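Tertiary structure, described
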Amino acid sequence: MSTLLSVDNLTKSFARGGIFGRTEFVAVDHVSFSLESATPEIFAIIGESGSGKTTLARMVLNTMSPSSGVIRFQGTDISRLRTGRDRLQFMRKVQPIFQNPSEAFNPLKRVDRYLFASAYHFAGCRSRDGREIAADEALKKVGLSLAEVKGRFPHELSGGQLQRTAIARALISSPALIVADEPVSMVDASLRMSIVNLFKTLRDELKVSIVYITHDLATAYYISDRVLILQKGKVVEMGSARQVLSEPHHPYTVRLRESILSLDDVERVHTSG
Amino acid sequence: MEEAALSVQNLRAYYVTGHFGMQREVRAVDDVSLSVRKNEIYGIAGESSCGKSTFIKTVAAAIRPPLRVLGGSIKYSFLDRDLYDLDERKLADIRWNHLSFIPQGSMNVLNPVRRIRESFQDFAFPHMGLGRSEFFDVVNRHLERLQLSPSILSAFPHELSGGMRQRVAIALATVCRPEFIIADEPTTALDVVVQKDVLALILETQREIGSSMIFVTHDLTVHANISNRLGIMYAGRLIEEGPTREIFHDPLHPYSRHLVASLPRIGDLTPKIALTGAPPNLAQPPSGCRFHPRCPLATDLCRQASPELTTLSSGRRVACYAVASAPATRPMTNDRMTNDKFKSF
């Protein structure tokens, strides 16, 4: 049981058009990668919008079935999880974090409700006290406490606090893998680093592997161990984050690299202007 | 000193709500003074809820209750009096012709059930005073300048990509060649690849029509690439202002130091420390300097009194006691704030 997640030749295509003029749109095209359970890592998937990042994430989370290819989580093919118990077991181990924390939570429900429901379903805490303890423990891991969150509605928390709460919720079931779909793109620049640093801590201290989906090359360079670059559903480059991002080989990676705004441009723009 | 395109003096704009005799005010813009020079791009940076959107709503005269302007003056160079002394009709005349707006999130701006051509007719046509065919000649030429094919005029917004829609929004805002453009996070919803093109386009258009601009975004790397001068807002106040380059090389206010130091870069693996705490609630702002609960340099003075935005000898302005009290020998080194300073708190 050395492989945590293996994705093998994964393809997802969507049909476009009606009965006539039906065309296939391939969102994810023969993608393969694997994560080892012995070495927890932050695996970044990078691509621009429409490159199939989110489709790939949904398939890994088993909320969308692939057109072809196999995803194995700890050795079992996740498309064969039929019974509710098996699915629950899978969901305990693999947890999502979504892009926009203010949309991920229902504005009319209290935030703690999500934490307690996760504790009830995934951590098996049947008593009220047990749920509160589980929620508090998870919140402490992300630098919050239940006292700060209990009884609050999403609009009463800041974007950074809300995203941390979403991460805490994912941690309640002590997952082995977290799939984070653009977790910082909706968070303010000043709070972004606190979320990104939190992922590092999760990897180092809780030994959680993280699939970090982003279009931000700078944070990917900062936290991830390996990166996979997607272009129109195809893997164009994969390898160690430092190597790929500092010496890109594929023309697409080079283009992505060039299009990020760098601070060194301050000189160029303001001396020429 | 050249003439300012926009000068704002001691502007205060609060959200005032009253229910059953209970009054609550949110001080979203509190005593902000700044001036934008001609042909300049003035950047405003700050996190969400720091009042930057309220500020531009106020300078664009687009306020609605409960937002109220309680004091201060806003003067544009193309107007002979204060913006708030104008009546609705005069305001409608200056909008688009003199003062235009590039809004955030281009997908929500264009009317989804009207073709782009109709949007141009709705927005720009009444302001231009041209005949219909002349007007569309101007529009076609303008679209070509923005690398858009005139055929997109007959498209609906959903048929265009995000980058194209944003360019349409820029085209709409610039087709009347206004003297002053206000841009509210025009690139935040875009992809990195598209973002760079759109920024280049904004810069080129601004230079070509020679307008002045206020550019608001929370993304400092965008500011590094577009703004000539930068003002940093925190909790409804302007806390630092200066040429963009100088702010990046030597940020003075502890908050700006933190912002600049925490930017991730490729090729830089030093650990970045995030600021603790949360932005203050503007309905009950902290006493004294509004940054003091999160500031590593806070003293008793900061807890009691609020620092004024003072002009330093270099022409930069900063609102911080720690910096302003000793401009020659500042308590910290001149180079970028080291993260060690923040580890201690």
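Thresholds, definitions, all that
Residues numbered from 1 in each chain as written. Chains lettered and ligands numbered in written order. Predicted model: local features only at pLDDT ≥ 70, side-chain atom pairs only at ≥ 80, totals over all residues. Heavy atoms only, no water. Domains from an automatic or database assignment. Contact = heavy atoms within 4.5 Å. Salt bridge = Lys/Arg side-chain N within 4 Å of Asp/Glu carboxyl O. Pairing = 2+ DSSP bridges. Helix = DSSP H or I, 4+ residues; strand = E, 2+ residues; numbered from the N terminus. Axes fitted to C-alpha atoms, helices over the stretch in contact; angles between N-to-C directions. Core = buried A, V, L, I, M, F, W, Y, C linked by side-chain atoms within 4.5 Å. Buried < 20%, exposed > 50% of the residue type's maximum accessible area, 1.4 Å probe, protein only. Parallel < 35°, antiparallel > 145°, perpendicular 65-115°, else oblique. Nonpolar A, V, L, I, M, F, W, Y, C, P; charged D, E, K, R; others polar. Phe/Tyr/Trp six-rings, centres within 6.5 Å; stacked < 30°, edge-to-face > 60°. 1 Å grid on protein atoms, 1.4 Å probe; cavity = no way out; pocket = protein on both sides within 12 Å on 5 of 7 lines; lining within 4 Å. Points joined across faces, edges and corners; volume = space filled by probe spheres on them. Expected span 1.5 Å × (residues − 1). Buried area = accessible area lost by both parts, 1.4 Å probe. Polar contact = N/O pair within 3.5 Å; in protein donor to acceptor, adjacent residues only side chain to side chain.

Comments concerning the domain arrangement of chain B
Residues and elements named next belong to chain B. When cut into domains, chain B gives domain 1 (4–227) and domain 2 (233–261 + 271–343). Just the C-alpha atoms count here: the centres of domain 1 and domain 2 sit 29 Å apart. Contacts between domain 1 and domain 2 engage 23 residues on the former and 20 residues on the latter. At the surface where domain 1 touches domain 2, the tally comes to 3 salt bridges. Among the ionic pairs, Glu47 bridges to Arg294, the shortest N-O distance being 3.4 Å.

Digging into the sheet that holds strand β1 (residues 4–19) of chain B
All names here are of chain B. Here we have 3 strands laid out as an open sheet, ordered β2-β1-β4, and antiparallel in their pairing. Each end of this open sheet is capped by a strand with a single partner; those strands are β2 (22–37) and β4 (67–76). Between one strand axis and the next, the sheet turns through 5° on average, direction left out of account. With 8 bridges joining them, β1 and β4 adopt antiparallel strand pairing. Bridging from a neighbouring strand, Ser7 pairs with Lys75 of β4. Strands in contact with helix α1 (residues 52–59) are β1, β2 and β4; relative to β1, the strand with the most contacts, it is inclined by about 110°.

Topic: the nonpolar core
Membership of the largest hydrophobic core comes to 58 residues, with the highest contact counts inside it found for A:Ile46, A:Ile167, A:Phe199 and A:Tyr212. By residue number, the principal contributor to this core is helix α8 (residues 189–206) of chain A, which donates 7 residues. Those residues in contact with A:Ile46, other than ones at most four positions away along the chain, are A:Lys53, A:Thr214, A:Leu217, A:Ala220, A:Val227, A:Leu228, A:Ile229, A:Leu230, A:Leu245 and A:Leu256. Counting residues in each nonpolar core, the second largest holds 33 residues, with B:Val32, B:Ala60, B:Ala61 and B:Leu99 among its members.

Topic: the packing of helix α4 (residues 111–122) of chain A against helix α7 (residues 159–171) of chain A
Residue and element names in this part refer to chain A. In the contact formed by α4 and α7, the axes pass within 9 Å of each other and the chain directions differ by 10°. When the axis of α4 is compared with that of α7, the two are roughly parallel. Mapping the contact onto sequence places Val111, Tyr114, Leu115, Ser118 and Phe122 in α4 and Leu162, Thr165, Ala168 and Arg169 in α7. Its residues assigned to classes, the contact of α4 with α7 comprises 6 nonpolar, 2 polar and 1 charged.

Considering the packing of aromatic side chains
Residues and elements named next belong to chain B. A full pass over the atoms with the stated rule returns 12 aromatic pairs over all chains. Between Tyr76 and Phe78, the aromatic rings sit 5.1 Å apart at their centres with planes inclined by 20°, giving stacked as the arrangement. There is no split in this pair, since Tyr76 and Phe78 are both buried. Centre to centre, the rings of Tyr234 and Phe291 are 5.0 Å apart; their planes meet at 85°, and the pair counts as edge-to-face.

What about empty space enclosed by the protein?
Residue and element names in this part refer to chain B. Across all of its chains, the model carries 2 cavities of 30 Å³ or more by this definition. The space that makes up the largest cavity amounts to roughly 50 Å³. His253, Cys289, Phe291, His292, Cys295, Cys302, Pro307, Ala319, Cys320 and Tyr321 are the residues that line the largest cavity. Class assignment for the residues of the lining of the largest cavity results in 8 nonpolar, 2 polar and no charged.

Observations concerning helix α6 (residues 162–174) of chain B
Residue and element names in this part refer to chain B. The terminal C-alpha atoms of α6 lie 18 Å apart, and with 13 residues this matches the ideal 18 Å at 1.5 Å per residue to within 8%. By the criterion of burial, α6 is predominantly enclosed, with 11 of the 13 residues buried. Gly163, Arg165, Gln166, Arg167, Val168, Ala169, Ile170, Ala171, Leu172, Ala173 and Thr174 are the residues of α6 that are buried. Among the structural elements, β5 (99–102), α3 (116–123), α5 (132–145), β6 (180–184) and α7 (192–209) are those in contact with the buried residues of α6.

Concerning the interface of chain B and chain A
Opposite the 39 residues of chain B that make contact, chain A presents 35 residues. For the pair chain B and chain A, the summed buried surface comes to about 3,400 Å²; carbon and sulfur atoms form 61% of the total. Across the contact surface, chain B and chain A share 0 salt bridges. Where chain B meets chain A, there are 1 residue pair in polar contact (both at pLDDT 80 or more). Residue assignment for the side of chain B that touches chain A shows that the elements contributing at least two residues are α7, α8 (220–226), α9 (244–249) and α10 (254–261) of chain B. In terms of residue count, the dominant contributor to the side of chain B that touches chain A is α7(B) (6 residues). In terms of residue class, the side of chain B that touches chain A is built from 17 nonpolar, 13 polar and 9 charged.

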